[in-house]
Structure formats: structure tokens, C-alpha cells
Amino acid sequence: MPGAPVSFEVRQGAGGFALSWEVEGTGPAGFRIYRAVVREDGCRDCPLSYTLLAVLGPEARRYMDRTDSSRIFVYEIRPFMGGGAEGPPARLQTHAGEEGRP
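A brief report on the enclosed structure follows. (Residues numbered from 1 in each chain as written. Predicted model: local features only at pLDDT ≥ 70, side-chain atom pairs only at ≥ 80, totals over all residues. Heavy atoms only, no water.)

Here we look at the sheet that holds strand β5 (residues 62-65)
No. 1: The antiparallel open sheet is built from three strands, whose spatial order is β1-β2-β5. Strand pairing shows two members of the sheet lacking a second neighbour, β1 (6-13) and β5, which therefore form its edges. In this sheet, adjacent strand axes meet at a mean angle of 15° when their direction is disregarded.
No. 2: The pairing of strand β2 (residues 16-22) with β5 spans four bridges and is classified as antiparallel. In the strand pairing of β5, S20 is matched with R62. (Pairing = 2+ DSSP bridges. Helix = DSSP H or I, 4+ residues; strand = E, 2+ residues; numbered from the N terminus. Axes fitted to C-alpha atoms, helices over the stretch in contact; angles between N-to-C directions.)

Describing the sheet that holds strand β3 (residues 30-37)
No. 1: Taking strand neighbours across the sheet as the criterion, the four strands line up as β4-β3-β6-β7 in an open arrangement whose pairing is antiparallel. Taken across any chain shown, the strands that pair with only one partner, and hence form the sheet edges, are β4 (51-56) and β7 (90-94). Within this sheet the neighbouring strands show an average axis-to-axis angle of 20°, counted without direction.
No. 2: Note that strand β6 (residues 73-80) and β7 share five bridges and pair antiparallel. Opposite E76, over in β7, you have R91 as the bridge partner.

Observations concerning the environment of A14
No. 1: Turning to its location among the elements, A14 is positioned in the loop between β1 and β2.
No. 2: For the pair A14 and A4, spaced 10 residues apart in the sequence, the C-alpha separation amounts to 28 Å.
No. 3: Residues contacting A14, with those up to four places away along its chain left out, are M64 and R66. (Contact = heavy atoms within 4.5 Å.)

Now the structure itself:
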């Protein structure tokens, strides 16, 4: 099973957020990109509901999420193997106008 992506960053760009990451060791068959919207009332204990945004190939190291950059999001990048089993995710919360780092 591949490890979680490392050096995960999110940068606010024109029309959304640009995600980038690296991989150490054996590469996965691909990556699944998920996004959850953080509630506007600031509830920190409320469960998040993730939406699958994209399924990318093994060479992918970037993804552009064209979305409303005034919202607060939590992104996950989950590597997966050929059979579909997912490895551990890299997770990052970001705010509008701020860069995110793990």
C-alpha cells in the first residue's frame, strides 16, 4: 500500500484552489481527490461530508479545483492501488486568501 502523499499544498488561484503534492516510495495506481465544505457556523465537531472531485493517474502531482474560493474547504488526496484499495490520505484545511500546508 502506498503511503500518504507528502508536501501537500493548496494555493488560492484565479477561480479556485491549486493542489500539489509529492509521493515517496512506491507510487500508487492513481489518486482520488476529495473535498468537504466546512460549515459556515464554525462547528469544529460536526462531521464532514466528502465529495469525490477527480480520479487521476499515477503521474499526477497537481489538480486545479475551480470553485468558490471564498468558502472554507478540507481537501483529501487518497492514493489507490490497482484493485482500488485506498492508502492513507493527506488532508488539508484551507481558508479563502490563505495558503494551506499540512
